[in-house]
Amino acid sequence: MNRKTLYHMIASFLLVLSVPAQAAETDKKLGLHSDGGTWRFYPASKVDDKLPHVLLIGDSIMNGYRGAVIKSLHGRANVDCWLTPVHLKSEGLHGDLRKVAAYRRYDVIHFNIGLHGWPKGRILDTEYTGLLKAYLEVLKQSAPKARLIWCTTTQVHEQGKQQLNKEINPTIVARNTMAAQLMKQEQVSINDLYILMNDKLHLVRGDRFHWKAEGYTVMAQQVVKHIDMSLK
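Position numbers for residues start from 1 in each chain and track the written sequence from start to end. Selection of residues for local features in this predicted model requires a pLDDT of at least 70, selection of side-chain atom pairs for listing and counting requires 80 or more, and totals for whole chains, interfaces and linings are taken over all residues. Side-chain measures were taken over the full set of non-hydrogen atoms in the model, leaving aside hydrogen atoms and water.

A. Here's a closer look at the packing of aromatic side chains. Here a Phe, Tyr or Trp ring, Trp counted by its six-membered ring, pairs with any other such ring whose centre lies within 6.5 Å, and the pair is stacked when the planes are under 30 degrees apart, edge-to-face when over 60, and tilted otherwise. In the structure shown here, the tally under the stated rule is four aromatic pairs. Seen in terms of ring centroids, phenylalanine 111 and tryptophan 150 are 5.3 Å apart; in terms of plane orientation they differ by 65°. Their pairing is edge-to-face. In this pair, phenylalanine 111 is assigned in strand 4 (residues 108-111) and tryptophan 150 in strand 5 (residues 147-151), connecting sequence segments 39 residues apart. Overall, phenylalanine 111 belongs to the buried group, its relative accessible area being 0%. To qualify as a helix, a DSSP run of H or I must reach at least 4 residues; to qualify as a strand, a run of E must reach at least 2; elements of each kind are numbered from the N terminus. In this scheme, a residue with accessible area under 20% of its type's maximum is buried, one over 50% is exposed, and one in between is partly exposed, where area comes from a 1.4 Å probe on protein chains only.

Structure follows, in structure tokens:
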């Protein structure tokens, strides 16, 4: 191995290390209820104030496609990401959402909060729409100039199988439907990743919730498409 190759390997390693460190410092400054690990607010590594500001909000599914979205929008938008496992009844949710949404003067916010709320008894179906509407109001108040894009929650599949999970997935479908109705009433754009991935269960990872790299690539392309339409 020559010196130049070794230098680039070290530089790349240090860059990887610096991203979580930067994110942790931002969490501390904002006073967010971070769960540690990868669950953090990730500000854009380099910001060009001449470009529009975009915020992605979501859980591990968003984590799967955020890298490709950032890469695709490079030179066209600054992209911040709030990677979070919260659900609509999580403690401190609204306070954290206010801080994140007001971090910059966002032009577009692409958001989802759904996958972690499925366990029975955690959120009742009768209260789901009200909780989501309250979340949406906080988002609107904290980022009044932002164009909002609601992202549906993707499929839950059977462990080790390319089939929909019979226990959990009906909850996902029902809440996506309720959320879509609310977003239409509130005139919020909808990015339906659930419909997008309906015929792509061959791309599930087999752990019930996540997707192979090819699946996240497909999602990223549609996310970028919706963001581009909102930036026009």
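B. Broad picture of the packing of helix 4 (residues 125-142) against helix 5 (residues 169-185). Where helix 4 meets helix 5, the axes come as close as 10 Å, and the angle between the chain directions of the two elements is 45°. Classified by the angle their axes make, helix 4 and helix 5 are oblique. The interaxial crossing formed by helix 4 with helix 5 has right-handed handedness. Of the residues in helix 5, those in contact with Asp125, Tyr128, Thr129, Leu132, Lys133 and Leu136 of helix 4 are Arg175, Met178, Ala179, Leu182 and Met183. For this classification, the nonpolar set comprises Ala, Val, Leu, Ile, Met, Phe, Trp, Tyr, Cys and Pro, the charged set comprises Asp, Glu, Lys and Arg, and every other residue, Gly included, is treated as polar. For the contact of helix 4 with helix 5, the residue count by class is seven nonpolar, one polar and three charged. Helix axes are fitted only over the stretch in contact, all axes being lines through C-alpha atoms; the angle between N-to-C directions runs from 0 to 180 degrees. Just so you know how the angles are binned, under 35 degrees is roughly parallel, over 145 roughly antiparallel, 65 to 115 roughly perpendicular, and the rest oblique. By definition, any crossing whose near helix is turned counterclockwise from its far helix by less than a right angle is left-handed, and any crossing with a clockwise turn is right-handed. Throughout, a residue-residue contact means that at least one pair of heavy atoms, one from each residue, lies within 4.5 Å.

C. The pairing of strand 5, seen in detail. With respect to burial, strand 5 is a largely interior element, four of its five residues being buried. Here the rule is simple: two strands pair whenever DSSP picks up at least two bridges between them. Pairing of strand 4 with strand 5 involves four bridges; the strand directions are parallel. Bridged to phenylalanine 111 within strand 5 is tryptophan 150. Chirality of the crossover, the property in question, places the unit of strand 4, helix 4 and strand 5 among those that are right-handed. Summarising the sheet, strand 5 and strand 6 (residues 189-191) pair through three bridges and their orientation is parallel. For a crossover, the right-handed case is the one in which the path from the first strand over the helix to the second runs clockwise, viewed with the strands pointing away from the viewer.

D. Here's a closer look at the nonpolar core. Here the nonpolar core consists of buried residues drawn from Ala, Val, Leu, Ile, Met, Phe, Trp, Tyr and Cys, with membership extended through side-chain atoms lying within 4.5 Å. Counting residues in hydrophobic clusters, the biggest one holds 34 residues, and the most contacted among them are Leu56, Tyr65, Val69, Trp211, Met219 and Ile227. Here this core gets six residues from one element, more than from any other, and that element is helix 7 (residues 213-231). Dropping the residues within four chain positions of it, methionine 219 is found in contact with Ile61, Tyr65, Thr154, Leu193, Leu196, Met197 and Trp211. Within the second largest apolar cluster, 30 residues are counted, among which are Leu88, Tyr135, Leu136 and Ala179.

E. A look at helix 4. For a helix, the expected span equals 1.5 Å multiplied by the number of residues minus one. Relative to the 26 Å expected for 18 residues at 1.5 Å per residue, helix 4 spans 27 Å between its end C-alpha atoms, a close match to the ideal helical length. Among the structural elements, strand 2 (53-58), helix 3 (93-101), strand 4, strand 5 and helix 5 are those in contact with the buried residues of helix 4.

F. Representation of the sheet that holds strand 5 within the structure. Spatially, the six strands line up as an open sheet ordered 1-3-2-4-5-6, and their pairing is mixed. Each edge of the open sheet carries a strand with a single partner, namely strand 1 (41-42) and strand 6. Where strand 1 and strand 3 (residues 78-83) come together, two bridges link them in antiparallel fashion. Following the sheet pairing, tyrosine 42 is matched in strand 3 by cysteine 81. Contacts from helix 2 (residues 60-72) reach strand 1, strand 2, strand 3, strand 4 and strand 5, with the element oriented near 165° to strand 3. Sheet strands in contact with helix 5 are strand 4, strand 5 and strand 6, and its direction is about 150° off that of strand 6.

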